[in-house]
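# Overview (structure and organization)
Listed below, chain by chain, are the residues.
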Amino acid sequence: MITAAQMRAARALAGIDQKTLAEKAGVSVPTIQRMEASEGNVRGVIETLTRVIDALNACGVEVISDNQVSERGGRGVRLIEPGQPGGRAAG
């Protein structure tokens, strides 16, 4: 699961606007707006959510879920190291 706050933070870390995320994910801008305006966990079609998360990963941002291993625990987002799977290419 991803929260609306995580989605907004991930997009900010990637340095992209809603339109760019929508284009990269192959969804509409209103879909991104609705997802980001959600209370708590983003709800929607699993395929759409997966496409958005994949687009964020392709931009070099990882979404961290509740039970995913992280040094300090909890939810969040983090930049992916260049050269790692899903990370931005160097240069």
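Calculation rules
Along each chain, numbering runs from 1 in the same order as the chain's sequence is written. At least 70 in pLDDT is required for a residue's local features to be given in this predicted model, at least 80 for side-chain atom pairs to be given and counted, and no such filter applies to totals for whole chains, interfaces and linings, which use all residues. Computation of side-chain values: all heavy atoms of the structure, hydrogens and water removed. A run of DSSP states H or I qualifies as a helix once it reaches four residues; a run of E qualifies as a strand once it reaches two. Both are numbered from the N-terminal end. A simple rule labels every residue: compare its accessible area, found with a 1.4 Å probe on the protein chains alone, to the largest value its type can have, and call it buried under 20%, exposed over 50%, or partly exposed in between. It only takes one pair of heavy atoms within 4.5 Å for two residues to be counted as in contact. Lines are fitted to the C-alpha atoms to define the axes, a helix being fitted only along its stretch in contact, and any angle between axes, read from their N-to-C directions, falls within 0 to 180 degrees. Roughly parallel refers to an angle under 35 degrees, roughly antiparallel to one over 145, roughly perpendicular to one between 65 and 115, and oblique to any angle outside these ranges. Each residue gets one label: Ala, Val, Leu, Ile, Met, Phe, Trp, Tyr, Cys and Pro are nonpolar, Asp, Glu, Lys and Arg are charged, and the others, such as Gly, are polar. UniProt positions are given in the numbering used here, feature names are shortened, and annotations may be inferred rather than shown by experiment. To qualify as a nonpolar core, a set must consist of buried Ala, Val, Leu, Ile, Met, Phe, Trp, Tyr and Cys residues joined through side-chain atoms within 4.5 Å. To be clear, the arc concerns the directions from the helix axis to the C-beta atoms.

Looking at an unreviewed UniProt entry, one finds the protein chain named Helix-turn-helix transcriptional regulator and attributed to Roseibium salinum.

### Considerations on the overall build of the protein chain
The helix and strand inventory of the protein chain stands at four helices and two strands. Starting at the N terminus and walking to the C terminus, you meet the elements of the protein chain as α-α-α-α-β-β. The burial tally for the protein chain puts 35% of its 91 residues in the buried class. When contacts within the protein chain are restricted to residue pairs at least 6 apart in sequence, those whose partners lie at least 24 apart make up 54%.

### Section: the packing of helix H3 (residues 29-36) against helix H4 (residues 46-58)
One way to put it is that H3 packs onto H4 with a least axis distance of 12 Å and a crossing angle of 90°. Judged by the angle between their axes, H3 and H4 are roughly perpendicular. Residue-level contacts link Thr31, Ile32 and Met35 of H3 to Thr48, Leu49 and Val52 of H4. Taken together, the residues of the contact of H3 with H4 break down into four nonpolar, two polar and no charged.

### Considerations on the UniProt feature "domain: HTH cro/C1-type" (unreviewed entry) in the protein chain
Within this structure's numbering, the places UniProt gives as "domain: HTH cro/C1-type" (unreviewed entry) are residues 7-36. Helix makes up 80% of residues 7-36 and strand 0%, and the two end C-alpha atoms of the span are 6 Å apart.

### Considering the nonpolar core
One finds Met7, Leu21, Ile32, Val42 and Val52 to be the most contacted residues of the largest nonpolar core, which totals 20 residues. Elements represented by at least two residues in this core include exactly helix H1 (4-14), helix H2 (18-25), H3, H4 and strand E1 (61-64). Aside from chain neighbours lying at most four places away, what touches valine 42 is Met1, Ile2, Thr3, Ala4, Met7, Met35 and Leu49.

### Observations concerning H3
Buried residues of H3: Thr31, Ile32, Met35 and Glu36, and no others. Down the axis of H3, the sector holding all buried residues measures 125°, keeping them to one side. Lining the buried residues of H3 we find H1, H2 and H4.

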